[in-house]
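Next come the chains, spelled out residue by residue.
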There are 2 protein chains.
Amino acid sequence: MQQDQEFHFSKRMSRIDTSQIRKVFDLAARLPDPVNMSIGQPHYAMPQPIVHSIERALRDGRTSYTPTQGIMPLRERLSLKYKQENNFEISPDDILISSGVSSLLQLLFLCLLDPGDRILLTDPCFLIYRSLASFFDIKMDFLPEEFTRQDIEKINPENLRMILYSSPSNPSGYIMKTDQIRMLADLSDRSGALLVSDEIYELFDYEKQFVSAASLHPKTMTLTGFSKTYSMTGLRLAAAAGPSGIIKAMTTLQQYTVVCAPAAVQWGGIQALDLDMSEYVEMYRKNRDECVKRLSGKLQFSKPGGAFYIFPKVPGKDSEFVERAIKEKQLLLVPGSIFSSAKDRIRISYAASPENLERGLTALIDLL
Amino acid sequence: MQQDQEFHFSKRMSRIDTSQIRKVFDLAARLPDPVNMSIGQPHYAMPQPIVHSIERALRDGRTSYTPTQGIMPLRERLSLKYKQENNFEISPDDILISSGVSSLLQLLFLCLLDPGDRILLTDPCFLIYRSLASFFDIKMDFLPEEFTRQDIEKINPENLRMILYSSPSNPSGYIMKTDQIRMLADLSDRSGALLVSDEIYELFDYEKQFVSAASLHPKTMTLTGFSKTYSMTGLRLAAAAGPSGIIKAMTTLQQYTVVCAPAAVQWGGIQALDLDMSEYVEMYRKNRDECVKRLSGKLQFSKPGGAFYIFPKVPGKDSEFVERAIKEKQLLLVPGSIFSSAKDRIRISYAASPENLERGLTALIDLL
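Just so you know, the residues in each chain are numbered from 1, in the order the chain's sequence is written. Chain letters and ligand numbers both follow the written order, the letters beginning at A and the numbers at 1. At least 70 in pLDDT is required for a residue's local features to be given in this predicted model, at least 80 for side-chain atom pairs to be given and counted, and no such filter applies to totals for whole chains, interfaces and linings, which use all residues.

1. Considerations on the overall build of chain A
So, step 1. Only runs of H or I of at least four residues qualify as helices and only runs of E of at least two qualify as strands under DSSP, and these elements are numbered from the N terminus. A count of helices and strands for chain A gives 12 helices and 12 strands.
So, step 2. Expected size for 368 residues packed as a compact globule is a radius of gyration near 21 Å; at 20 Å, chain A falls within 12% of this value.
So, step 3. Projected onto its principal axes, the C-alpha positions of chain A cover 55 × 55 × 50 Å.
So, step 4. In chain A, once contacts between residues fewer than 6 apart in sequence are set aside, the share between residues at least 24 apart is 74%. Atoms counted for the radius of gyration: C-alpha only. Globule rule: 2.2 Å times residue count to the power 0.38. Distance between backbone-placed C-beta atoms decides contact: two residues are in contact if it is within 7 Å.

2. Side note on the environment of I138(A)
So, step 1. By secondary structure assignment, the location of I138(A) is in the loop between α5 (127–135) and β4 (139–144).
So, step 2. The burial criterion counts other C-beta atoms lying within 10 Å of a residue's C-beta, which is placed from the backbone; the residue is buried at 20 or more, exposed at 12 or fewer, and partly exposed between these limits. In this structure I138(A) comes out as buried when scored by C-beta crowding, with 22 C-beta atoms within 10 Å.

3. Observations regarding the nonpolar core
So, step 1. With 224 residues, the main nonpolar core has M250(A) and M250(B) as its most contacted residues.
So, step 2. Not counting chain neighbours up to four residues away, the residues in contact with M250(A) comprise L96(A), L107(A), L108(A), C111(A) and A240(A). When buried Ala, Val, Leu, Ile, Met, Phe, Trp, Tyr and Cys residues are joined through C-beta atoms within 7 Å, the set is termed a nonpolar core.

4. A closer look at the sheet that holds strand β12 (residues 346–349) of chain A
All names here are of chain A.
So, step 1. Here, a strand pair is defined by DSSP locating no fewer than two bridges between the strands. Spatial ordering of the open sheet is given by β9-β12-β11, a layout of three strands whose pairing is antiparallel. Among the strands making up the open sheet, the edge pair consists of β9 (309–310) and β11 (334–335).
So, step 2. As judged from the two bridges shared by β9 and β12, these two strands associate in the antiparallel manner. Bridge pairing in β12 places I310 opposite I348.

5. Things to note about the pairing of strand β6 (residues 194–198) of chain B
Residue and element names in this part refer to chain B.
So, step 1. In terms of burial, β6 is a largely internal element, five of the five residues being buried.
So, step 2. The alternating pattern of β6 places L194, V196 and D198 on one face and L195 and S197 on the opposite face, and all of these are buried.
So, step 3. For strand β5 (residues 160–166) and β6, the ladder comprises five bridges, and the chain directions are parallel. The residue bridging S166 from the neighbouring strand is D198, located in β6.
So, step 4. The definition of a right-handed crossover adopted here requires that, viewed with the strands pointing away, the path from the first strand over the helix to the second runs clockwise. Handedness of the crossover is the feature at issue here: the chain leaves β5, passes through helix α7 (residues 178–191), returns alongside β6, and the resulting connection is right-handed.

6. Quick notes on the packing of helix α11 (residues 318–329) of chain A against helix α12 (residues 354–367) of chain A
Residue and element names in this part refer to chain A.
So, step 1. All axes are obtained by fitting lines to C-alpha atoms, using only the stretch in contact for helices, and the reported angles, taken between N-to-C directions, cover 0 to 180 degrees. Closest axis-to-axis distance for the α11/α12 pair is 10 Å, and the angle between their directions is 110 degrees. In terms of axis orientation, α11 runs roughly perpendicular to α12. Where α11 abuts α12, its residues R324, A325, E328 and K329 lie against A363, D366 and L367.
So, step 2. Residue classes in the contact of α11 with α12 are distributed as three nonpolar, no polar and four charged. Each angle is binned into one of four classes, with values under 35 degrees roughly parallel, values over 145 roughly antiparallel, values of 65 to 115 roughly perpendicular, and all other values oblique. Three classes are used, and their members are as follows: Ala, Val, Leu, Ile, Met, Phe, Trp, Tyr, Cys and Pro are nonpolar, Asp, Glu, Lys and Arg are charged, and the others, Gly among them, are polar.

7. Quick look at the interface of chain A and chain B
How large an interface is tends to be reported as the accessible area lost when its parts come together.
So, step 1. If you look at the interface, chain A gives 66 residues, while chain B gives 65 residues.
So, step 2. Those elements giving two or more residues to the side of chain A that touches chain B turn out to be α2 (48–59), α4 (101–112), α5, α8 (244–256) and α9 (263–273) of chain A.
So, step 3. Per-element accounting of the side of chain A that touches chain B gives the leading share, seven residues, to α8(A).
So, step 4. For the side of chain A that touches chain B, the residue count by class is 33 nonpolar, 23 polar and 10 charged.

8. Some thoughts on the pairing of strand β2 (residues 95–98) of chain B
Residue and element names in this part refer to chain B.
So, step 1. Judged by which residues are buried, β2 turns out to be covered on both faces: I95 and I97 on one side and L96 and S98 on the other are all buried.
So, step 2. Two strands pair when backbone bridges link them, and β2 and strand β8 (residues 238–241) are joined in this way by four bridges, in the antiparallel orientation. In the sheet register, L96 faces β8, and the bridge partner there is A240.

9. Quick word on the sheet that holds strand β7 (residues 221–225) of chain B
Residue and element names in this part refer to chain B.
So, step 1. Spatial strand order, β2-β8-β7-β6-β5-β3-β4: seven strands in an open sheet with mixed pairing. A strand with exactly one partner marks an edge of an open sheet, and here the two such strands are β2 and β4 (139–144). On average, adjacent strands in this sheet sit at an angle of 20 degrees to one another, irrespective of strand direction.
So, step 2. The sheet contacts of helix α8 (residues 244–256) involve β2, β6, β7 and β8, and relative to β2 the element is tilted by about 30 degrees.

10. Considering the environment of L273(A)
All names here are of chain A.
So, step 1. Residue position: L273 is located in helix α9.
So, step 2. On a C-alpha basis, the gap between L273 and F226 in space is 8.8 Å, while along the polypeptide they are 47 residues apart.
So, step 3. Not counting residues within four places of it along the chain, the set of residues in contact with L273 comprises R77 and K81.

11. Considerations on the relation of the copies chain A and chain B
So, step 1. Here the copies were fitted onto each other by least squares, based on C-alpha atoms from residues at pLDDT of at least 70 in both. Its rotation angle being 180 degrees, the transformation that places chain A on chain B also includes 0.0 Å of axial translation and leaves an RMSD of 0.0 Å. Expressed as a symmetry operation, the mapping of one chain copy onto the other fits a two-fold axis. Minimal C-alpha separation from the rotation axis in chain A is found for E55(A), amounting to 2.9 Å.
So, step 2. A share of 98% of the interface residues of chain A reappears at the interface of chain B, consistent with the copies meeting face to face through the same patch.

12. A short note on the domain arrangement of chain A
Residue and element names in this part refer to chain A.
So, step 1. Along its sequence, chain A is organised into domain 1 (11–45 + 277–367) and domain 2 (48–273).
So, step 2. Where each domain begins and ends follows an automated or database-derived domain assignment. For domain 1 and domain 2, the distance between their C-alpha centres works out to 24 Å.
So, step 3. In this assembly, 27 residues from domain 1 lie in contact with 29 residues from domain 2.
So, step 4. Tallying contributions element by element places helix α10 (residues 278–295) first for the side of domain 1 that touches domain 2, with four residues.
So, step 5. The residue makeup of the side of domain 1 that touches domain 2, split by class, is 15 nonpolar, seven polar and five charged.

13. Considering unusual backbone geometry
So, step 1. The step from S167(A) to P168(A) runs through a cis peptide bond, and the omega angle for that step is -10 degrees.
So, step 2. Inspection of the secondary structure assignment puts P168(A) in the loop between β5 (160–166) and α7 (178–191).
So, step 3. Note the cis peptide between N170(B) and P171(B), where omega equals 25 degrees.
So, step 4. Assignment of secondary structure puts P171(B) in the loop between β5 and α7.
So, step 5. Notably, N159(B) is not glycine yet its phi reads approximately 55 degrees, a positive angle.
So, step 6. Within the element layout of this structure, N159(B) appears in the loop between α6 (149–153) and β5.
So, step 7. Look at N159(B) and you get partly exposed, because 17 C-beta atoms sit within 10 Å.
So, step 8. The phi dihedral of A307(B) falls on the positive side, at around 55 degrees, and the residue is not glycine.

14. Description of the packing of helix α3 (residues 72–85) of chain A against α9(A)
Residues and elements named next belong to chain A.
So, step 1. Closest axis-to-axis distance for the α3/α9 pair is 9 Å, and the angle between their directions is 25 degrees. Our classification of the angle between α3 and α9 gives roughly parallel. The two elements α3 and α9 cross, and the hand of that crossing is left-handed. Here α3 contributes P73, L74, R77 and K81 to the contact with α9, which in turn contributes Q266, G269, I270 and L273.
So, step 2. Here the residues of the contact of α3 with α9 sort into four nonpolar, two polar and two charged. Rotating anticlockwise by less than a right angle from the far helix to the near helix defines a left-handed crossing, while the corresponding clockwise rotation defines a right-handed one.

Right, dumping it as structure tokens:
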């Protein structure tokens, strides 16, 4: 970022560049009634039972510090969830509650990685992975999403400390296959790198293809977010489950940084895990199918298996396409180059009501 | 901390030592009904109007991401508060909302300080200042709390990037005097170091001695916490107000780490700032007076002007005294050496009901 001349900033700050996305936001801010296909959160409201359980917690005085690691009843409920839904067993002692997956990523980077260490990501991947790696001076290696054994064999295991991916993926909706996870687990064993599986979109899995890495590789660090599934991105609740020693280190650092996840919200998390969200997921499956149907033949993309994004190729440069969409159609999209070295992709979010999705798709197709 | 042999940790992690405080916690955890004078939060409940306004926000669907910098109505209300109560003017654009003062400290350290840079603290000071400095490999210089011009003149301004203090102080209740703030401001001007004033205990100011550094030195970064005043330590809400360029850098980094403070809680913060907390403050003034009366002549300490702590000298080593208090009197205290290079002080918290304070003081005096 550009820096104020009056003050001295850390060297890290020179490695954050938000200019591209800011340019898009600045353009978008001038629109009175945009068609929004850029948004990274569900359009539906947080379910009422969660509202009620957070209210109950507030009335019961759950406003003080919780244990740094998070309240035991939520960790116990998560342990049960992992067993029943994710096919792996983990003790509540090896679960850490924090304020969002981003906070957990930050703890992981700070606990495990020194400047010059290496991290393995997929291309494309969630933009915060790349931003944090750059900020903390970590060298990045990339695998294509549909990587094979040949791609893995090219990866240098030296100083490789972390292998990090999200499945279903933001921005592409790609779901990591079992044999791919096994290859990453194998590389983790050979290199000593921690395998980190970001499963924040796990419920948005339209053909039941999603597999938790920890069910195949017990030494995985699983990241579970409440934000997307339950539409509570602003309430800041997530969990990490993994090897005892690393959970302990992250908890120690959390004492001095995050302190704890919002107390009353932690109680709401227990209620959330008991809800049946299948109707919501079905709504987005329909949205995905509509996008695939309408865009096929017009744009080139892989059919997403999950999350609520499509990541197609566009004619020309992504940033120019996104600017043109804003200026000509008041349509908000995200330029793909914040997720990828490719400069000709965009991220389309279909986390929208059917009416807004229709509006967005019509605008996009008109533009093409 | 001691590290798991199976995984590689960052070098930073070897510079966090929580063994001493953990030892105390482990001992304390075995007590069925301890007398708690160790606690860093008010004993009263968060006021009902804040409960209601967070509930209202939840029902209104305030569960999504807020702007990274925080909701504008809260920043506007804070701007008004700073003008009316803290005697300085600052635009809502130069205010950042985050999830607790600890998160703000972390953003400041990451944005401003490189390994080897220097920070000026007081001795004693809040333990997180020392822990973060050590973790990020920052060199620490210390001033005594009642420092004079002679003490300031000994400080080397080279590579000094930050001057950080809390007033009223945790752990001593000391309130920084106007002429001391002027000296720090002068050092800030000479060295280019940012003056950071942590004002989380500002309302617990029993003789109206507290002065906001920003009222004397406009380039100050003011840290304002909601946790202590409104008894909402677990809900994670705080604000930083200061120079535009630094607020912008912190906001940029917050995008990738904290993301935003809990959304519904931000709406509760607006309500909180409208409350009259003087009865609560008066209750702790009485507690302070009772502590001073009962402990005078028995322990050596400076009379605290604010916060809810006393930081007396004890006979022998602090850690042994604290262990003896637990074993003989089921009394929980905090060893002073986590705040100070002195090894013969303890932190007593008087954030308690009159009955519990009486129980604690009796146990402590018995022990002496």
